[in-house]
Number of protein chains: 2
Amino acid sequence: MKIVIIGGVAAGAKAAAKAKRMLPEASVDIYTQDTHVSYSTCGLPYYIEGVFENYEKLIVRPVSEFEKSGINVHLLNRVTGINPDTKKISVLNLKTNENYEVEYDKLVISTGAVPATKGFEKILNKKNVFTLRTLEDGVAIRNKMREVQNITLIGGGYINIELLEAFVKNGKNVILIEKSPFIMPILDEDISILVQTYIMENSNNQVKILAEDSVNEFIGEDEIRGIITSKGVGFDTEMVVISTGVRPVVDIAKEAGIELGVTGAIKVNSRMETSIKDIYACGDCAEKVHIISNTPVWIPLGSTANKEGRTAAMNLCGEHKDFEGVLGSSVTRYLGLNISKCGLTEKEARKLGYDTVSTVVTKKDKAGYMPEVENITLKLIADMRSHRILGAQAIGCGDADKKIDSISVGLANNMEVKDLLDVDLTYAPPFSASVDILHSAARIIQSKLRN
Amino acid sequence: MKIVIIGGVAAGAKAAAKAKRMLPEASVDIYTQDTHVSYSTCGLPYYIEGVFENYEKLIVRPVSEFEKSGINVHLLNRVTGINPDTKKISVLNLKTNENYEVEYDKLVISTGAVPATKGFEKILNKKNVFTLRTLEDGVAIRNKMREVQNITLIGGGYINIELLEAFVKNGKNVILIEKSPFIMPILDEDISILVQTYIMENSNNQVKILAEDSVNEFIGEDEIRGIITSKGVGFDTEMVVISTGVRPVVDIAKEAGIELGVTGAIKVNSRMETSIKDIYACGDCAEKVHIISNTPVWIPLGSTANKEGRTAAMNLCGEHKDFEGVLGSSVTRYLGLNISKCGLTEKEARKLGYDTVSTVVTKKDKAGYMPEVENITLKLIADMRSHRILGAQAIGCGDADKKIDSISVGLANNMEVKDLLDVDLTYAPPFSASVDILHSAARIIQSKLRN
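Residues numbered from 1 in each chain as written. Chains lettered and ligands numbered in written order. Predicted model: local features only at pLDDT ≥ 70, side-chain atom pairs only at ≥ 80, totals over all residues. Heavy atoms only, no water.

Peer 1: Lay out the overall build of chain A with the relevant residues and their values.
Peer 2: A count of helical and extended segments in chain A gives 12 helices and 25 strands. Each principal axis of the C-alpha atoms in chain A carries an extent, and together these give about 65 × 55 × 40 Å. Here chain A holds 451 residues, and 59% of them are scored as buried. Restricting to contacts in chain A with at least 6 residues of sequence separation, those with at least 24 account for 60%. Averaging the locations of the 53 positively and 58 negatively charged side chains of chain A gives two centres separated by 2 Å. (Helix = DSSP H or I, 4+ residues; strand = E, 2+ residues; numbered from the N terminus. Buried < 20%, exposed > 50% of the residue type's maximum accessible area, 1.4 Å probe, protein only. Contact = heavy atoms within 4.5 Å. Lys, Arg positive; Asp, Glu negative; His and termini not counted. Charge placed at Lys NZ, Arg CZ, Asp CG, Glu CD.)

What follows is the structure, encoded as structure tokens:
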């Protein structure tokens with residue numbers, strides 16, 4: 001049995017390790033154009049900040065360990081094509097520039113995602129313009145950041161909020177440009193506003209947010225020296241990071257005739273099988289199902305990649321395993337403010353046709369007399385018809401992530417509002433409030449559902 | 001409509017406030033032998049420690065606020081009897097020593113619990129012997145603690161673990177006597193051992209635990225000066241706190257002919273109705289249903305009292321509201337070690353006849369390269385037949401409470417092991433691990449269920 005895996009950051013690395021454990025006699029080969037496999041891209045902003053000095057800390061499992069367990073890792077070997085008829089892949093060795101073919105019995109595509117840089121093609125090769133995907137990107141951004149004082153971030157999503165924290169902590173001045181009316185457009189606007197306000201009030205005047213704006217003109221030759229926005233704001237800059245979303249890497253899959261989903265990512269079933277026999281896809285290149293709406297979505301996250309890689313491996317090794325889907329659970333922080341969500345936002349839910357009911361509650365996360373007490377603001381969204389909880393967003397210096405994880409487990413178990421009203425959560429003064437914010441929010445929603 | 005409430009710490013105070021909000025025209029009267037209503041007994045150990053100076057911080061809602069909203073609070077007025085036929089209660093005014101009667105249309109019994117001090121009757125009136133229930137108890141323990149150096153704690157449950165932390169932080173030497181083989185016998189022994197080991201290793205030699213032992217002899221007249229244990233250990237002591245469990249206060253309910261449950265607490269249905277019409281019971285004096293086993297239990301907790309008080313108020317005001325039951329979710333800490341549980345322990349489950357399968361996993365709670373990373377040890381217990389998750393215990397310097405709250409929500413929604421395998425939890429390096437300890441534990445249990 002020949003198992004071949006394309007790409008090895010999260011899903012691919014997990015699939016390889018799991019497959020080799022399940023079928024020790026099988027050959028398992030990872031092909032990647034990257035210089036590393038099995039690393040935490042989510043940790044790059046903290047490496048850039050300087051939380052730790054050596055980027056190798058981000059490597060989950062070194063190549064030597066893969067090799068020791070009998071998995072062959074082919075770094076700097078780019079897969080250029082898949083032939084499902086002959087069950088072969090074409091590979092270009094980037095070191096020797098040689099092309100060759102490799103046979104497979106089972107193929108796993110885990111090619112991941114890349115920054116979506118449409119509209120920025122002309123400046124991507126400038127010396128001081130960056131995107132963040134690989135370890136090398138992280139090293140380059142960290143090194144450049146240390147040389148400069150004035151940085152421009154384009155895009156106001158997760159990655160740039162984390163980079164903003166890293167840069168502000170390093171004393172830099174940052175201008176962030178976001179085309180939506182508020183940063184973090186993944187959240188509902190009433191919550192995004194709170195995040196944006198917090199950032200403006202807690203960044204020691206180092207941050208300027210240009211919302212509902214975009215770049216009209218980049219100034220500079222080898223390097224970008226200045227920017228003029230669509231609203232006519234002009235400023236100098238020494239460094240630019242573009243994080244305006246990501247797109248799944250699907251080219252070779254598409255060329256091989258593998259079906260893509262409506263989201264543009266590779267369509268898979270719950271066993272991570274693509275439309276072509278013996279070819280699996282998992283991780284950021286694969287489409288997912290949203291558990292709440294039961295609709296296809298593309299939410300690329302490291303935590304999901306891990307589960308999908310494991311699922312692909314189990315199925316290709318002959319064990320039946322379903323991956324039910326995702327909830328879009330995610331979390332980040334900005335200088336003490338925790339920002340977390342799960343399920344559908346209210347705007348997503350309405351777009352899908354749900355008749356939503358929601359509430360926004362602010363409460364202390366622990367007993368008010370404890371020194372560690374902080375606030376959380378929670379938005380809870382439910383479906384007027386089924387009374388099912390659809391999603392939640394929580395921000396605050398308090399344990400927002402704890403609340404969202406609790407709701408995530410509820411969402412995965414079809415929790416209705418009534419199931420949250422009296423749920424027995426742990427209570428002690430240093431940990432929580434005797435009437436939890438989840439109870440308070442559920443009670444308000446419940447009374448709205450009655451009317 | 002005359003609503004009368006007996007006792008007003010948590011359940012009673014909540015019931016009064018909720019009833020008055022729902023029926024502003026009704027008269028609402030709280031009768032209590034206590035000097036205060038509506039306070040957080042759970043916060044007393046932190047007041048004793050000195051986390052804050054004024055015990056009034058523990059008062060959730062001062063009497064003046066109750067009075068302002070039209071609720072009459074009768075402090076130091078002990079209810080001595082209930083006559084369900086005439087719908088009257090007998091009251092003794094402890095200030096004037098006068099007896100009088102009060103009519104009710106709806107009666108709420110929320111008399112709470114008191115320390116179970118059986119076997120210690122002879123020493124309870126000694127000047128340096130304490131139990132912890134009321135604000136006055138807290139003040140007395142705090143004052144005495146400051147005068148002494150050597151303290152004896154009898155009992156190794158939640159209250160004494162919290163007092164142990166308070167005393168150790170204040171530089172005291174403490175001997176703790178526990179009759180079980182390990183402290184925290186509410187946990188399974190494999191987890192209790194870890195707690196006990198942590199305490200012994202992290203208390204600066206200030207703590208001695210005498211497990212599987214008990215007091216054989218107290219020495220001293222006005223004050224206890226020394227103790228000799230059943231195993232023959234003798235030592236001097238300057239102060240003794242007895243926390244060997246609690247019992248529900250049910251005397252007047254029992255005398256009135258109200259049915260008690262098998263646990264000895266007042267039997268109630270899901271609407272908090274007792275066996276006698278128009279009489280409700282809630283909080284620590286009332287029996288509860290365990291959601292997992294569907295059996296009657298008596299787990300007195302402040303968080304439950306709040307919900308039951310609210311439920312009683314809603315029902316007596318004419319709105320149908322069920323309280324489904326409890327999971328025994330609880331949490332405490334000892335000098336950085338968080339200790340949390342929900343659902344059934346393995347020993348409880350086995351006693352009830354479940355064919356249990358369990359695992360104990362230790363893992364980092366965040367990405368390994370983040371400075372805030374800590375360990376958690378999680379025990380997960382499932383039912384071999386139904387595959388349902390029965391309970392969990394988590395301890396560690398990491399976010400143990402977060403994990404237990406997630407499982408609590410799952411337990412309330414009949415979560416099976418397979419539902420936990422891939423649940424979409426929030427992931428980012430400062431908050432969690434990409435493969436969460438919940439996933440790891442569920443996977444191990446799943447593989448055990450397969451065999």
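Having seen the model, we can carry on.
Peer 1: With reference to specific residues and values, describe the sheet that holds strand 5 (residues 88-93) of chain A.
Peer 2: Residue and element names in this part refer to chain A. Strand order in the open sheet formed by 3 strands is 4-5-6, and the pairing between neighbours is antiparallel. Looking along the sheet, the strands with just one partner apiece sit at the ends: strand 4 (77-83) and strand 6 (98-103). Adjacent strand axes in the sheet meet at a mean angle of 25 degrees when their direction is disregarded. Strand direction decides the pairing type here: strand 4 and strand 5, joined by 6 bridges, are antiparallel. Paired with Asn-83 across the bridge in strand 5 is Lys-88. (Pairing = 2+ DSSP bridges. Axes fitted to C-alpha atoms, helices over the stretch in contact; angles between N-to-C directions.)

Peer 1: Give me the relation of the copies chain B and chain A: which residues, what numbers.
Peer 2: Expressed as a screw operation, the relation of chain B to chain A combines 0.0 Å of axial shift with a rotation of 180 degrees, fitting to an RMSD of 0.0 Å. Each copy turns onto its partner about a two-fold axis. If distances are taken from each C-alpha of chain B to the rotation axis, the shortest is found for Ser-406 of chain B, at 2.0 Å. A symmetric contact is evident, with 100% of the interface residues of chain B recurring at the interface of chain A. (Least-squares fit on C-alpha atoms with pLDDT ≥ 70 in both.)

Peer 1: Got a sec to walk through helix 8 (residues 302-316) of chain A? Specific residues and values, please.
Peer 2: Since the α-helix packs 3.6 residues into each turn, any two residues three or four apart lie on the same face. All names here are of chain A. With 15 residues, helix 8 ought to run about 21 Å at 1.5 Å a step, and its terminal C-alpha atoms sit 21 Å apart, in line with that. Burial within helix 8 is extensive, with 14 of its 15 residues counted as buried. The positive-phi residue at the C-terminal boundary of helix 8 is Gly-318, with phi of around 100 degrees. (Expected span 1.5 Å × (residues − 1).)

Peer 1: An account of the pattern of salt bridges is requested, with residue identities and associated values reported.
Peer 2: It is possible for side chains of opposite charge to pair when their charged atoms get near one another. Applying the stated criterion across every chain, the model contains 56 salt bridges over all chains. For Glu-372 of chain B, the salt bridge goes to Arg-333 of chain A, with nearest N and O atoms at 2.9 Å. You can see Glu-372 of chain B sitting in the loop between strand 23 (356-364) and strand 24 (375-383) and its partner Arg-333 of chain A sitting in strand 21 (residues 330-334), one on each of two chains. Judged by its relative accessible area of 13%, Arg-333 of chain A is buried. Taken together, the shared-partner salt bridges connect Asp-188, Asp-190, Glu-346, Arg-350 and Lys-379 of chain A into one network. (Salt bridge = Lys/Arg side-chain N within 4 Å of Asp/Glu carboxyl O.)

Peer 1: Got a sec to walk through the interface of chain B and chain A? Specific residues and values, please.
Peer 2: With 63 residues of chain B at the interface, the matching set in chain A holds 64 residues. Of all residues in chain B, Tyr-369, Asp-424 and Phe-431 of chain B give up the largest surface area on contact with chain A, accounting jointly for 15% of the area buried on that side. Where chain B touches chain A, the interface holds 10 salt bridges. A salt bridge links Lys-321 of chain A to Asp-422 of chain B, with the nearest nitrogen and oxygen atoms 2.5 Å apart. Here chain B and chain A share 26 residue pairs in polar contact (both at pLDDT 80 or more) between them. For the side of chain B that touches chain A, the secondary-structure elements that each account for two or more residues are helix 8 (302-316), strand 21 (330-334), strand 22 (337-343), helix 10 (400-412) and helix 12 (437-450) of chain B. It is helix 10 of chain B that contributes the most residues to the side of chain B that touches chain A, 10 residues altogether. Its residues assigned to classes, the side of chain B that touches chain A comprises 25 nonpolar, 19 polar and 19 charged. (Buried area = accessible area lost by both parts, 1.4 Å probe. Polar contact = N/O pair within 3.5 Å; in protein donor to acceptor, adjacent residues only side chain to side chain. Nonpolar A, V, L, I, M, F, W, Y, C, P; charged D, E, K, R; others polar.)

Peer 1: Outline unusual backbone geometry, supporting the account with residue identities and numerical values.
Peer 2: All names here are of chain B. Located in the positive-phi region is Asn-204, a residue other than glycine, with phi close to 55 degrees. Its place among the elements puts Asn-204 in the loop between helix 6 (189-201) and strand 12 (207-211). A positive phi is found at Glu-212, a non-glycine position, where the angle reads about 50 degrees. Mapped onto the fold, Glu-212 is located in the loop between strand 12 and strand 13 (215-219).

Peer 1: I'd love a proper account of the environment of Met-184 of chain A, names of residues and values included.
Peer 2: All names here are of chain A. With respect to the helices and strands, the residue Met-184 is situated in the loop between strand 11 (173-178) and helix 6 (189-201). Distance in space between the C-alpha atoms of Met-184 and Ile-123 is 24 Å, their sequence separation being 61 residues. Aside from chain neighbours lying at most four places away, what touches Met-184 is Gly-156, Gly-157, Tyr-158, Ile-161, Ser-192, Val-195, Thr-332 and Ile-339.

Peer 1: Got a sec to walk through the sheet that holds strand 2 (residues 27-31) of chain A? Specific residues and values, please.
Peer 2: Residues and elements named next belong to chain A. If you walk across this open sheet you meet the 5 strands as 3-2-1-7-18, and the pairing is parallel. Single-partner strands in this sheet number two, and they are strand 3 (71-74) and strand 18 (279-281). Taken over all neighbouring pairs, the strand axes of this sheet differ in orientation by 20 degrees on average, direction set aside. Two elements, strand 2 and strand 3, share 4 bridges in a ladder whose sense is parallel. The partner of Ile-30 across the bridge, within strand 3, is Val-73.

Peer 1: Could you give an account of helix 12 (residues 437-450) of chain A, with specific residues and numbers?
Peer 2: In a regular helix each residue adds 1.5 Å, so 14 residues correspond to 20 Å; helix 12 of chain A covers 20 Å between its end C-alpha atoms and thus fits that length. Burial analysis of helix 12 of chain A places 10 of its 14 residues in the buried class, which makes it a mostly covered element. Where helix 12 of chain A is concerned, the buried positions are Ile-437, Leu-438, His-439, Ser-440, Ala-441, Ala-442, Arg-443, Ile-445, Gln-446 and Leu-449 of chain A. Packing partners of the buried residues in helix 12 of chain A comprise strand 23 (356-364), strand 24 (375-383), helix 10 (400-412) and helix 11 (417-421) of chain A together with helix 1 (11-22) and helix 8 of chain B.

Peer 1: Lay out the pairing of strand 13 (residues 215-219) of chain A in plain terms, naming residues and giving numbers.
Peer 2: Each regular strand carries side chains that alternate between the two faces of the sheet. Where strand 13 of chain A and strand 14 (residues 226-229) of chain A come together, 4 bridges link them in antiparallel fashion. Looking across to strand 14 of chain A, one finds that Glu-217 of chain A is bridged to Ile-228 of chain A.

Peer 1: With reference to specific residues and values, describe the packing of helix 1 (residues 11-22) of chain A against helix 8 of chain A.
Peer 2: Residue and element names in this part refer to chain A. Closest axis-to-axis distance for the helix 1/helix 8 pair is 7 Å, and the angle between their directions is 35 degrees. The element helix 1 and its partner helix 8 pack so that their crossing is right-handed. Together, Ala-11, Lys-14, Ala-15, Lys-18, Ala-19 and Met-22 of helix 1 and Ala-305, Asn-306, Gly-309, Arg-310, Ala-313 and Met-314 of helix 8 make up the contact between the two elements. Its residues assigned to classes, the contact of helix 1 with helix 8 shows 7 nonpolar, 2 polar and 3 charged. (Left-handed = near helix turned anticlockwise from the far one by under 90°.)

Peer 1: Break down the environment of Ile-186 of chain A for me, citing the residues and quoting the values.
Peer 2: All names here are of chain A. Its location among the elements puts Ile-186 in the loop between strand 11 and helix 6. Classification of Ile-186 as partly exposed rests on a relative accessible area of 35%. Here the alpha-carbon distance between Ile-186 and Thr-311, two residues 125 residues apart in the chain, equals 27 Å. Discounting chain neighbours no more than four positions away, the residues touching Ile-186 are Tyr-158, Lys-341 and Thr-345.

Peer 1: Before we move on, can you summarise the packing of aromatic side chains with the specific residues and values?
Peer 2: All names here are of chain A. The final tally for this structure, using the stated rule, is 10 aromatic pairs over all chains. Residues Tyr-31 and Tyr-100 carry aromatic rings whose centres are separated by 6.5 Å and whose planes lie at 55 degrees to one another, so their mutual orientation is tilted. Here Tyr-100 lies in strand 6 and Tyr-31 lies in strand 2, a separation of 69 residues in the sequence. Assessed through its relative accessible area of 5%, Tyr-31 is described here as buried. (Phe/Tyr/Trp six-rings, centres within 6.5 Å; stacked < 30°, edge-to-face > 60°.)

Read these as geometric descriptors, not functional statements.
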